[in-house]
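The chain contents come next:
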Amino acid sequence: MTRNTTYILVLSALLLLTTTSCDKYLDLKPKDGVVRQEFWQTKEQVAAAVNGCYASLLAPPLVENLFLWGELRADMLEARSGIRRQELDIINVNIESTNPLSNWAAVYTTINYCNNVIKFAPEVLRNDNTFTQAALNGYIGEAMALRALMYFYLARTFGDVPLKLEPTASDKDEVQLPKSSQQDVLNQVVTDLKQAEQYVQTNYGKNELNKGRITKYAVNAMLADVYLWQNDYQSSIAECNKVINSGQYGLVVGDNNWFPTIFYEGGSSESIFEVYFNINRLNPFYSMFSPSVSRRFGASLLAREEIFASNPEEIIEKDIRGDGAAFKLNDGSIWKYLGVNSGTARSSAASYGNFMVYRYADILLMKAEALNELGQGQEALDIIEIIRTRANALPETAQVVEPDDKNGITDYILAERAREFAYEGKRWYDLLRNARRNNYERSDLLLNIVANTAQLEFQQSAITKLRDKNSHYLPVYFYELATNKKLVQNPFYQ
Amino acid sequence: MEKMSSPKNWLAPLVGVLLLIITFTSCQKEEFDIYTTSDVNISEYLQKDPATFSHFSKILSLTKAEGSLGGYGTYTVFVPTNTAIEAYLKEQGKASVSDISIPELEELVKFHLIRDTIPSREFNDGKLRTATMFGQYIITGAQNNDGNTKRLINRQALLEQADIRVGNGIIHVIDNVLKPSRQTLAQMIEANPEYSVFSQALKETGYYEYLNILPKDLSDSSKMFHTVMVESNTVLKAAGINSFNDLKAKYSNTGDPKSASDSLNLYVGYHILPGLKYLPEIFKATSHNTLSPLDVITIKLNGTTILVNDDSFNGKHEPGSEIKRESSDITAVNGVLHTMKDPYAIKVRFPIAVFWEVTDQPEITKLANFRKMNTSSPKFKPGDLQDVNWQMGDVQYRVAPEARQFYVYHNDYLFFPALRTNVAANSWIEFKTPLLVKGRYKVWISFIRRKGGGGVLVSFNGKPLPRILKFNEQLAGMRLVGDTYTYPEGVTPESLEALGIKSPFGGRPEPEYRVPFYNNPELFIEYHGSQNYALLAGTIDVEKTDRHVLRMDAVWEGSGDVQFDMIHFIPEGEDQLWPKFNPDGTIVPKP
């Protein structure tokens, strides 16, 4: 019997040892990171998470995508020797769902970061007594605005997209989402922005924070833009006026310092929101535009010679936005991201010029567009004149338009926007927004593009394709279609 | 039932069953992959979807093509859906595919099949890069119906689904059966009453028979296919030609249109291009040979309009004739047909001197600072200029700086960094000349003397000219006589011409023709042998009125740049020294 007791004792001891010693072994937590349950504890962590949202904008290929989506299908880029096949396919309107430029993953990465902040930051209020409701709202507002901006890009580029407003935090989360219509996405963008407007701060106390983080006025700028896409002109003007009346912004003087102030130094008094690159995170533009490498793009002939006609009589007279700012006339390079000033180039290691999202000039011209649509043509023309005078625009590019000539003023605003925001990733969106109004009344704006851009043997097909309005939006990338069975391809690409 | 008390009784069957299980499972055959890939091939893909493809599958099996399309290969196949084939059967009056004869089905399969893999991204406005196995090319395009654009295949079917990639190629699904052309060019033109005048002209000149031969009946592959630019009765009527007799009266000079030297014969021949040229092939080349042996047509693409013979000749713009795009690219068995919106004819021209500024390039004249004194010289890389090509390095368009005046026409010139044999530097330059009328010309190259280009072989259309030019040679210096720097003692323009040298500027005493000396406006200049002059490269024989290729190859090694101002093409018998060209743009005529 004693032998039996001994056995039992030894066995129980062993059992005890085994189960207790296994404790660590069963505890599966990553050693190189923090899990969510341990993260959302302090206000510093919330700040870090919001910073992470902004930092994700710098991760390739996001800004490169935003630039290419806004310019590649328009008429101001010209293919150079380093052009990639997928880029040439888009120029030729020869787009397929296998084209890597139709991959929206980078944008959804940022959206997911924002979703995380919006969902989990409120928990911190319980854990950190020093964290205030106002501070929390500020952070959530920034995340909502940033998410809205990303959806705004998606809706303009892809049309209908899945609207994911919850973070993907575990395997249980639903990721198989169907697409929402472009209209629904834009409505959500407006809802989010209106909420964000209530939440975000107007001033972060430091200039680079005021330009690199989303302020209330940046939200107003985005709203003004979205309303233009929704053809809600009154609301757009109201948002523009909020920025104009804030007294925080003005046009940078149009002299030799105009270009370096806005584009080399960054954070100018004209800037409302820009993506700040830095020495550790360079922008993608050097290898795209620099003549010292096998560049992919140059400034198109149309941009150089028609949009910015130089004065043949007096070469001294020049539009400050043309030669030496948007591009260099002598080698056709896109200078906006390459120049220190009109003559000196950045080194490849100093290619950290910011990507402009909204500038004060944009507010003025958006207001002009809305005014024109409401039949207040003269006021629109007055705004164009302000922009032109500041830029020393050449008489050759002036257009004589009657205040009641709505189409004429639209053309004028578009031409002025092309000069003002050359290579800031806006041209295609500008053309598309104006073309699609009133059931594609101005489809000529899009059809005229390819005669200048597509390779000659693709020109006719390209024009015919653009007659299909679904072709104005990129396809859903084949990988997304394969992994998310609820996605339906844009009918043009089926 | 007896109660089972002993374990032995039930253990035995249990062991048996267990053994059986072990035996069965262990004997299970292992599956080996006998294929290197699990991708399906064309035939199997179609068999898997009988609801859409059963008819085409049937055709493949009837024609025994199923085996080869199920095997290894690289194919592109256009597959008509069942609906498409049913419509085709109805049109043919057949009940099922087996009612069609095997040879016909074979042709049908061949016309839908290309031995190449062509994804839809390569469908452009013209033909596919490889012909079908039937022999005819398929053309592609796009069509918009009610706002929806689809790709149009051979103007007969719409592309329903593109780029299904299978193991041995690509499947494109189409909504109609493609039908090859059965008519020759001659028959096609004859069949259209709108082309009756042109058709009669073909018959009267003997070109009808020429264009009525099937490619398989010809051994000379260069004569198998032709491209005809047809002019309809309406187009001719607009030009005042109402009947064949009008056409004959207007063009036939010998009264015998069959004769190869008759102008009507040449007129018709001028509308026939050798080879198969769909519109992209037409507008991607600047000129095309015709069956009129000495004449070419030139092509210009202006936005989306294609113009024939839209030329600048002798400083005058001659408006061209437009091709009607929508009724062109019509495939015949032995070629392709394009339709003209306006008529065109051979232009009778006599050799005329061409004084060509090499800076007169479309990319340069469009520059905002063209011919303007400026500080930035636009740079071009090889390939940037459509009509000038070179091996490597940046070519610059320069306007002569005030401080160091050269006496070049319009003050501008083209700068090449090098012209030397060194493998690491530029060793050749190729210019596409302006339109030269057939005839013999002397070629003069006007340049700025620099250190480079100490030995250059010039060739015209690949034929080398006899003289080796030295672009770095300093001639005897100028001499001040009165207020003019002029030729040195004992040297006259004529004596220099005998040596193949001329001064390209100045030469007349009238104030409007004088060239001021650069740093002293009181003085003038008419010869600058140490800095800039023109050299005779040789005599060329232009066999065809066209734009030609003038090439410079380095045969000398040494550093230094070369800078070109003008190239003169002057008919052999004409005065070679005049006119001259001043920096301010004045042309100095012969006194």
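Residues numbered from 1 in each chain as written. Chains lettered and ligands numbered in written order. Predicted model: local features only at pLDDT ≥ 70, side-chain atom pairs only at ≥ 80, totals over all residues.

Draft legend 1. Fine view of the overall build of chain B. For chain B, the count of helices and strands is 15 helices and 35 strands. A compact globule built from 591 residues should have a C-alpha radius of gyration of about 25 Å, whereas chain B, at 36 Å, is more than 25% larger. Here the C-alpha coordinates of chain B stretch approximately 150 × 75 × 45 Å along the principal axes. Looking at the 591 residues of chain B, the share that counts as buried comes to 41%. Taking contacts inside chain B between residues at least 6 apart in sequence as the whole, the part at least 24 apart equals 65%. (Helix = DSSP H or I, 4+ residues; strand = E, 2+ residues; numbered from the N terminus. Rg over C-alpha atoms; globule rule 2.2 N^0.38 Å. Buried ≥ 20, exposed ≤ 12 C-beta atoms within 10 Å, placed from the backbone. Contact = placed C-beta atoms within 7 Å.)

Draft legend 2. The arrangement of the overall build of chain A in detail. A count of helices and strands for chain A gives 22 helices and 4 strands. Taking the principal axes of the C-alpha coordinates as reference, chain A spans close to 115 × 50 × 45 Å. Looking at the 494 residues of chain A, the share that counts as buried comes to 49%. Nonlocal contacts in chain A, meaning residues at least 24 apart in sequence, comprise 69% of its contacts between residues at least 6 apart.

Draft legend 3. Structural view of the sheet that holds strand β30 (residues 520-525) of chain B. Residues and elements named next belong to chain B. On the basis of which strands lie adjacent, the open sheet formed by 4 strands has the order β26-β27-β30-β29 and mixed pairing. A single partner strand is all that each edge strand has here, and the edge strands are β26 (479-481) and β29 (515-517). Looking at each pair of strands side by side, their axes are set apart by 45° on average, direction ignored. Where strand β27 (residues 484-486) and β30 come together, 2 bridges link them in parallel fashion. Within the sheet, the bridge partner assigned to T484 lies in β30 and is F524. (Pairing = 2+ DSSP bridges. Axes fitted to C-alpha atoms, helices over the stretch in contact; angles between N-to-C directions.)

Draft legend 4. Structural view of the interface of chain B and chain A. Chain B puts 26 residues into the contact, and the matching count from chain A is 25 residues. Sorting the residues of the side of chain B that touches chain A by element identifies β3 (140-145), β4 (148-153) and α13 (279-284) of chain B as the ones contributing at least two each. With 4 residues, β3 of chain B is the single largest residue contributor to the side of chain B that touches chain A. For the side of chain B that touches chain A, the residue count by class is 6 nonpolar, 14 polar and 6 charged. (Nonpolar A, V, L, I, M, F, W, Y, C, P; charged D, E, K, R; others polar.)

Draft legend 5. Spatial organisation of the environment of G298 of chain A. Residues and elements named next belong to chain A. Within the element layout of this structure, G298 appears in strand β3 (residues 297-299). Separated by 185 residues in the primary sequence, G298 and T483 place their C-alpha atoms 37 Å from one another. With sequence-adjacent residues up to four places away left out, G298 is seen in contact with E78, R80, G332, S333 and I334.

Draft legend 6. Spotlight on unusual backbone geometry. In this structure, the amide linkage connecting P60 of chain A to the following residue, P61 of chain A, adopts the cis form with an omega of 0°. Counting through the fold element by element, P61 of chain A comes out in the loop between α3 (43-58) and α4 (62-71). Following W578 of chain B, the chain continues to P579 of chain B via a peptide bond in cis, the omega torsion being -10°. Relative to the assigned elements, P579 of chain B resides in the loop between β33 (562-571) and β34 (580-581).

Draft legend 7. Structural detail: the confidence of the model for chain B. Taken as a whole, chain B shows an average pLDDT of 88; of its residues, 94% reach a score of 70 or greater. Scored as a whole, the predicted complex attains pTM 0.77, and scored at its interfaces, ipTM 0.78. (pLDDT = per-residue confidence, 0-100.)

Draft legend 8. Representation of the pairing of strand β32 (residues 546-554) of chain B. Here strand β22 (residues 428-436) of chain B pairs with β32 of chain B via 7 bridges, running antiparallel. Its bridge partner being in β32 of chain B, L435 of chain B is matched across the sheet by R547 of chain B.

Draft legend 9. Seen up close, the packing of helix α10 (residues 216-229) of chain A against helix α15 (residues 360-373) of chain A. All names here are of chain A. Two elements in contact, α10 and α15, have axes whose closest approach is 10 Å; the angle formed by their N-to-C orientations is 30°. As summarised for this structure, α10 and α15 are arranged roughly parallel, according to the angle between their axes. The element α10 and its partner α15 pack so that their crossing is left-handed. Contact residues: A221, A224, D225 and L228 in α10; D362, I363, M366, E369 and A370 in α15. Broken down by class, the residue content of the contact of α10 with α15 amounts to 6 nonpolar, no polar and 3 charged. (Parallel < 35°, antiparallel > 145°, perpendicular 65-115°, else oblique. Left-handed = near helix turned anticlockwise from the far one by under 90°.)

Draft legend 10. Highlighting the domain arrangement of chain B. Residues and elements named next belong to chain B. Along its sequence, chain B is organised into domain 1 (7-174), domain 2 (185-340) and domain 3 (354-588). Taking only C-alpha atoms, the centre of domain 2 and the centre of domain 3 are 39 Å apart. Listed per partner, the contact involves 8 residues of domain 2 and 6 residues of domain 3. Elements with a contribution of two residues or more to the side of domain 2 that touches domain 3: β10 (296-302) and β12 (311-313). Residue composition of the side of domain 2 that touches domain 3, by class: 3 nonpolar, 3 polar and 2 charged. (Domains from an automatic or database assignment.)

Draft legend 11. Spatial organisation of the environment of D246 of chain B. Along the polypeptide, D246 of chain B turns up in helix α11 (residues 244-251). Looking at D246 of chain B, the number of C-beta atoms within 10 Å reads 15, which means it is partly exposed.

Draft legend 12. Structural context of the nonpolar core. By size, the foremost hydrophobic cluster in this structure holds 144 residues, and its most contacted members are V117, A145 and M222 of chain A. Looking at which element gives the most residues to this core, the answer is helix α7 (residues 133-158) of chain A, with 16 residues. With sequence-adjacent residues up to four places away left out, V117 of chain A is seen in contact with A49, V50, C53, Y139, I140 and A143 of chain A. Judged by nonpolar contacts, the second largest core, of 87 residues, contains A142, A157, V197 and Y278 of chain B. (Core = buried A, V, L, I, M, F, W, Y, C linked by C-beta atoms within 7 Å.)

Draft legend 13. Quick peek at the pairing of strand β16 (residues 335-340) of chain B. All names here are of chain B. Taken across its 6 residues, β16 has 6 buried, putting it largely inside the fold. Where strand β7 (residues 226-230) lies against β16, 5 bridges are found, and the strand directions are parallel. By the bridge assignment, V228 is partnered in β16 with L337. Between strand β15 (residues 330-332) and β16, which pair antiparallel one after the other, the connecting turn spans 2 residues.

Draft legend 14. Quick look at the sheet that holds β22 of chain B. All names here are of chain B. Taking strand neighbours across the sheet as the criterion, the 5 strands line up as β19-β22-β32-β24-β25 in an open arrangement whose pairing is antiparallel. Each end of this open sheet is capped by a strand with a single partner; those strands are β19 (388-390) and β25 (463-469). Across the sheet, the mean angle separating the axes of adjacent strands is 20° when strand polarity is ignored. Of the pairings in the sheet, the one linking β19 to β22 comprises 3 bridges and is antiparallel in character. Bridged to W390 within β22 is I429.

Draft legend 15. Examining helix α20 (residues 444-453) of chain A more closely. Residue and element names in this part refer to chain A. Every buried residue belonging to α20 is among L446, I449, V450 and T453, and all of these are buried. Projected down its long axis, α20 shows its buried positions confined to an angular sector of 85°, all on one face. Looking at the packing, one finds that the buried side of α20 touches α5 (85-91), α18 (427-435) and α21 (459-466). (Arc of directions from axis to C-beta.)

Draft legend 16. Main features of α4 of chain A. Within α4 of chain A, 9 of the 10 residues are buried, which leaves it mostly tucked inside the rest of the structure. The complete set of buried residues in α4 of chain A reads L62, V63, N65, L66, F67, L68, W69, G70 and E71 of chain A.

Draft legend 17. Summary view of the environment of F152 of chain A. When you line up the elements, F152 of chain A lands in helix α7. Not counting residues up to four positions away in its chain, the partners in contact with F152 of chain A are V189, M222 and V226 of chain A.

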